[in-house]
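Fold and geometry: a report
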Amino acid sequence: MAILEELAESIIKGQAPAAEQLTEKALAEGIIPETVLKEGLIKGMDVVGAKFKANEFYVPEVLIAARAMKSGMKILRPRLAESGVQPVGRFIVGTVKGDLHDIGKNLVAMMMEGAGFEVIDMGVDVTPEKFVEKIKETKAEFVGMSALLTTTMVKMKDTIEAIQSSGIRDSVKIVVGGAPLTQKFADEIGADGYAPDAASAVQVVKDMIN
Ligand code: B1M
């Protein structure tokens, strides 16, 4: 299936128009949507994630690749829905209360989408109550929190406590990340996982599934 290799390559190179056309072409050739997703789009984003982790790609390359993936997903999403393909999992992500930094959080969201998750992006300045409401509403299995300020990272603890006291702690796995964070801090506040970068966030969540 050379076309799927071409599609993966278009994601890696960040060629949005090619990604869109190749997705259409692959579907027109009769390749099932799930295969186009896994062997084309996700495969491409996997390479992007690995390159980012190895410092071969930087933030701009990842953003451009994510844009290409979105062009492909635009074509694929309705076809996936028709064919009843379930996402790998549901992942809520947001930057915590008081914090407006969203570039890292957006990278995490894009990488997770690229890995086949349904991503519910709550944006920035998300209060503990809003996280709780969204978990209840969407029944997401995973929650990701981002913080870039030493003054806002403590809000992660408040959010975990709010999730705990609303009785839904056992229904979600919580992953945290952001420049000032450490594994030690994540352990102290009772998170289930910590990821130093967006590619690792995907791996941490996948490991939780396994
Ligand atoms: Co702000 N800012 N900023 N800022 N800003 C920092 C973070 C700072 C380190 C700059 C500095 O002083 N050297 C400093 C924080 C100091 C501290 O607390 N330790 C700082 C400050 C002080 C502030 C203000 C308070 C400044 C002021 O107004 N006096 C203010 C706060 C506003 C607020 O949030 N309430 C502020 C404002 C801003 C801008 C709005 C101007 C802008 C944000 C724009 C935006 O995000 N849309 C901004 C920016 C751009 C930065 C820097 C320059 C870059 C941050 C960034 O996007 N990095 C930053 C200094 C720096 O880092 N060089 C700085 C790129 C991004 C890809 O990395 O977000 O770390 P990062 O994400 C990484 C990982 O951390 C991880 O994955 C990503 C990589 O793969 N990751 C996760 C992130 N979230 C994750 C979640 C996960 C897993 C991994 O799981 C869920």
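Quick caveat, the model's predicted, so the values are computed rather than measured.

A word on the pairing of strand β2 (residues 118-121)
Each regular strand shows side chains that alternate between the opposite faces of the sheet. Two strands pair when backbone bridges link them, and strand β1 (residues 90-95) and β2 are joined in this way by four bridges, in the parallel orientation. Within β2, the position partnered with Phe 91 by the bridge is Val 119. As for the winding sense of the linkage, the β-α-β connection from β1 through helix α5 (residues 103-114) to β2 is right-handed.

Here's the deal with the site of the ligand
Around the ligand, the structure places 27 residues, and the nearest of them are Leu 100, His 101, Asp 102, Ser 146 and Ala 198. Between a nitrogen atom of the ligand and a side-chain N or O atom of Ser 146, the distance comes to 2.7 Å. Note that an oxygen atom of the ligand is positioned 3.1 Å from one of the backbone N or O atoms of Ala 179. Secondary-structure elements contributing two or more residues to the shell around the ligand are α5, β3 (142-146), β4 (173-177) and α9 (198-209). Counting residues per element, the shell around the ligand draws most heavily on α5, at four residues.

Concerning the side chain of Ser 71
Its place among the elements puts Ser 71 in helix α4 (residues 59-82). What Ser 71 contacts, discounting residues up to four positions off in sequence, is Ala 16 and Glu 20.

Focus on a nonpolar patch on the surface
Taken together, the side chains of Val 59, Leu 63 and Ile 103 make up a nonpolar region of the molecular surface, amounting to roughly 230 Å² of accessible area. Turning to its location among the elements, Val 59 is positioned in helix α4.

Side note on the domain arrangement of the chain
Domain annotation for the chain reports domain 1 (2-82) and domain 2 (90-209). Each side of the interface is counted separately: domain 1 has 14 residues, and domain 2 has 13 residues. Across the interface of domain 1 and domain 2, roughly 1200 Å² is buried in total on both sides, 75% from carbon and sulfur atoms. Connecting domain 1 to domain 2 are two salt bridges. Linking Glu 113 and Arg 77 is a salt bridge whose minimum nitrogen-to-oxygen distance equals 2.6 Å. Where domain 1 packs against domain 2, one counts one residue pair in polar contact (both at pLDDT 80 or more). Residue assignment for the side of domain 1 that touches domain 2 shows that the elements contributing at least two residues are α3 (33-53) and α4. Take the side of domain 1 that touches domain 2: its biggest share by element is eight residues, from α4. Among the residues making up the side of domain 1 that touches domain 2, the classes are represented as nine nonpolar, one polar and four charged.

Some words on the nonpolar core
Formed by 46 residues in total, the largest nonpolar core has its most connected members in Val 36, Leu 41, Met 45 and Phe 91. For this core, the secondary-structure elements that each account for two or more residues are α1 (2-12), α2 (16-28), α3, α4, β1, α5 and α9. Tallying contributions element by element places α4 first for this core, with nine residues. Each of domain 1 (2-82) and domain 2 (90-209) gives at least three residues to this core. Not counting residues up to four positions away in its chain, the partners in contact with Val 36 are Leu 4, Leu 7, Thr 23, Ala 26, Leu 27, Ile 31, Leu 41 and Leu 76. In terms of nonpolar packing, the next biggest core, distinct from the first, is built from 26 residues, Val 126, Ala 140, Phe 185 and Ala 191 among them.

Some thoughts on the pairing of β1
Extensive coverage of β1 is indicated by the burial of five of its six residues. Judged from the five bridges that link them, β1 and β3 form a sheet pairing that is parallel. What sits directly across from Ile 92, in β3, is Val 143.

Description of the coordination of the cobalt atom of the ligand
Here the protein supplies the cobalt atom of the ligand with just one donor, His 101 (NE2), and that contact is 2.2 Å long. Mapping His 101 onto the fold places it in the loop between β1 and α5.

Regarding the sheet that holds β4
Sheet architecture is open: five strands sit in the order β2-β1-β3-β4-β5, paired in parallel fashion. What marks the edges here is a single partner per strand, and that holds for β2 and β5 (193-194). Sitting on the sheet, helix α6 (residues 128-138) touches β1, β2 and β3, and the angle it makes with β1 is about 165°. Sitting on the sheet, α9 touches β1, β3, β4 and β5, and the angle it makes with β4 is about 165°.

Parameters and conventions
- Residues numbered from 1 in each chain as written.
- Predicted model: local features only at pLDDT ≥ 70, side-chain atom pairs only at ≥ 80, totals over all residues.
- Heavy atoms only, no water.
- Pairing = 2+ DSSP bridges.
- Helix = DSSP H or I, 4+ residues; strand = E, 2+ residues; numbered from the N terminus.
- Right-handed = clockwise from strand over helix to strand, strands pointing away.
- Near = heavy atom within 4 Å.
- Polar contact = N/O pair within 3.5 Å; in protein donor to acceptor, adjacent residues only side chain to side chain.
- Contact = heavy atoms within 4.5 Å.
- Patch = residues over 30% accessible without salt bridge, like charges linked within 9 Å, V, L, I, M, F, W, Y side chains within 5 Å.
- Areas by Shrake-Rupley, 256 points an atom, 1.4 Å probe, with all protein chains shown as cover.
- Salt bridge = Lys/Arg side-chain N within 4 Å of Asp/Glu carboxyl O.
- Domains from an automatic or database assignment.
- Buried area = accessible area lost by both parts, 1.4 Å probe.
- Nonpolar A, V, L, I, M, F, W, Y, C, P; charged D, E, K, R; others polar.
- Core = buried A, V, L, I, M, F, W, Y, C linked by side-chain atoms within 4.5 Å.
- Buried < 20%, exposed > 50% of the residue type's maximum accessible area, 1.4 Å probe, protein only.
- Donors = N, O, S within 2.8 Å, 3.2 Å for Na, K, Ca; no water.
- Axes fitted to C-alpha atoms, helices over the stretch in contact; angles between N-to-C directions.

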